[in-house]
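# Descriptive structure summary
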Amino acid sequence: MSIEITGVNKSFGDFVALDNVNLSLPTGQLTALLGPSGGGKSTLPRIIAGLDNADTGSVSIEGVEATHLPPQKRNVGFVFQHYAVFKHMSVAKNVAFGLEIRKKPKAEVKARVAELLELVHLSQFADRLPSQLSGGQRQRLALARALAVEPSVLLLDEPFGALDAKVRKELRDWLRRLHDEVHVTTVFVTHDQEEALEVADEIVVINQGRVEQVGTPDELYDAPASDFVMSFLGEATTLGGQLIRPHDIELSVTPLVVGGVEGVVSRVLRVGFEVRVTVLTDAGEEVVVVVTRTAARHLGVQEGRHVWLSPAAGAVTLPSAGLPAGTALHAV
Amino acid sequence: MTIAPTLERPGRATRKRRPARAVNALSRSSSLALGVSLVWFSLLVLIPLAAVAVQATTGGWDGAVKVLSNPQNWAALKLTLLEALGVTVLNVVMGTTIAWVLVRDRFRGAAILDVIIDIPFALPTIVAGLVLLSLYGPQSPIEVNVASTRAAVFLALAFVTLPFVVRTVQPVLEELDTDVEEAASSLGASRLYTFRRVILPSLVPAVVAGAGMAFARGIAEYGSLVLLSGNLPFRTEVISVRIISYIESGNPAAASVLAALLLLIALLVITALDLVQRRVTKRW
């Protein structure tokens, strides 16, 4: 195990950021810490890096007890949301920073910097200042700087959070490919479930300081352990008191199935290829159903139409006991 | 960026590389603004400065040489420059420290201290002189009497120049993200190394700007030190006191010669500091 976290608690005043967190992350794995904003998930990489200290509990990195080591001694690479590049240094100087502290010979530093700039596709910008780079380029620079010292662990705190949607998507794919190349144990924090599902080998879902579930993207999506995980990873809606994915509901205009829930279409919203149909059931439940545009047209779905809803075969459902009304839509 | 910068796309990155031919191609409204600014600047600054220079020549070459070779003037000039320089160095250290404390440390009374910093700046200088005289003069309640010594000059200058470095460094420190320091520390940098290689370079332009203002204020100061220093020729007399004496004795031409000299020194210092600043920020 590359990172071993045991019984870690951390509070800031009244705010509990981490509540008895236990995790072991294997060497070479790309792990996503996923959770809603303000849920305390950013505190965990900060504690692993030694930028914050845990109130109780211990951290070990590559088998070395690191709980009380200063950040300088942990050999951890950290990438911040807002890049944190050294603005007065050229791109090459930024990458060389950690190497120069380690007093590496000049020729070696130069070679390593060139190699890393090649890796993050910034070779032609070596002599520029960070202010002359775009946001995405700055973040790649920050990544190269962190990787330069060959850290045993790479931590990224919402690395793409400050970038626009298109760049974010590009960098996400790029990070995945980079990790396949470099194989350093990587933990990245995100509140974007799509990002986590796409990039990570394993996802740790954190809510209100607690680990809700740990698993591969498929495991989490197909077998969510709690209604929180279900509604946070992908969309969820309630049908007959059960949490269910909106695309796992079959919609028909005739009462085909025994036990189908009857309701009236209250809203139809077309988003690209999919149609989001809101149905008010006779029991007073608002159910969101997602169907393809073709299906919607075929069925003739429109506001005021009587429809029958039933879970599709093999659909994942969970009792939605603890979930307040309306929560189902927040993960859209 | 390889796009040739044009006036339609002014931006920070392109400003420096704007081709020379575009300089005269101002729009009507910016021509007007430039005109107004130049007239205003001329009326307030350029014309009076020129007048001083002109008046300095009314005494003729011989007159100027006589003023400049007067040993009492030289002593005053030397004292003024040394004291101003000393106070500037003090301010660079203390001002940066105070700014650091105000921005980084959370303590009771920080807000009050933040306001008090400006008092030496806001206080009429003669009032500052009175305050210093009553506290450090012959009737000192704490029995520290520096009246009529060079320490009095230093004290007065230190008092009035205190806010400059603090106020130029403070906003820069506030803008400085702590995650940059955290990044440095996780890359293995000690606190000291981080300060030297990461924080200080960001502060240098602000420190230099503050130092320049403090020095300029220092060589021109009159009101705050005139009461406490005693104005003893060859000992505690500063150059501005010499200028006043010339005026009072009906010799404005001689006063103007010294004024022009001060002006020249101020210009040299500001230019030198600007050069230093450029070199220093480039080196890192």
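A quick note: this is a predicted structure, and the numbers were derived from the prediction, not measured.

So, about the sheet that holds strand S4 (residues 56-61) of chain A. Sheets are built from strands that pair by backbone hydrogen bonding, the pairs being arranged parallel or antiparallel. All names here are of chain A. Across the sheet, which stays open at both edges, the four strands sit in the order S2-S1-S4-S5 with antiparallel pairing between neighbours. Where the open sheet ends on each side, the last strands, each with one partner, are strand S2 (15-25) and strand S5 (64-65). Relative to S2, strand S1 (residues 3-12) is paired through seven bridges, and the arrangement is antiparallel. Within S2, the residue paired with Ser11 across the bridge is Val16.

Residue-level contacts link 19 residues of chain B with 22 residues of chain A. Interface area for chain B against chain A, summed over the two sides, is near 1900 Å², with a carbon-plus-sulfur share of 58%. Per-residue buried area on chain B facing chain A is highest for Ser186, Leu187 and Arg197 of chain B; these three make up 35% of the total on that side. Inspection of the region where chain B meets chain A yields two salt bridges. The closest approach of N and O atoms between Glu100 of chain A and Arg197 of chain B, which form a salt bridge, is 3.5 Å. Across the chain B-chain A interface, the total number found is five residue pairs in polar contact (both at pLDDT 80 or more). Among the elements of the structure, helix H9 (178-186) and helix H10 (191-220) of chain B are those that each provide at least two residues to the side of chain B that touches chain A.

We now examine the pattern of salt bridges. All names here are of chain A. Under the definition given, this model contains 24 salt bridges over all chains. Note that Lys166 and Glu170 form a salt bridge whose closest N and O atoms lie 3.3 Å from each other. Here Lys166 and its partner Glu170 are both found in helix H5 (residues 165-182), four residues apart, which amounts to about one turn of the helix. Given a relative accessible area of 61%, Lys166 falls into the exposed group.

Quick look at the domain arrangement of chain B now. Residues and elements named next belong to chain B. The domain architecture assigned to chain B consists of domain 1 (29-58) and domain 2 (60-283). If you look at the interface, domain 1 gives six residues, while domain 2 gives eight residues. Between domain 1 and domain 2, roughly 570 Å² of surface is buried when both sides are summed, and carbon and sulfur atoms account for 64% of that area. Of all residues in domain 1, the largest losses of buried area upon contact with domain 2 belong to Val52, Gln55 and Ala56, amounting jointly to 64% of the total for that side.

The rules behind the values
- Residues numbered from 1 in each chain as written.
- Chains lettered and ligands numbered in written order.
- Predicted model: local features only at pLDDT ≥ 70, side-chain atom pairs only at ≥ 80, totals over all residues.
- Heavy atoms only, no water.
- Pairing = 2+ DSSP bridges.
- Helix = DSSP H or I, 4+ residues; strand = E, 2+ residues; numbered from the N terminus.
- Contact = heavy atoms within 4.5 Å.
- Buried area = accessible area lost by both parts, 1.4 Å probe.
- Salt bridge = Lys/Arg side-chain N within 4 Å of Asp/Glu carboxyl O.
- Polar contact = N/O pair within 3.5 Å; in protein donor to acceptor, adjacent residues only side chain to side chain.
- Buried < 20%, exposed > 50% of the residue type's maximum accessible area, 1.4 Å probe, protein only.
- Domains from an automatic or database assignment.

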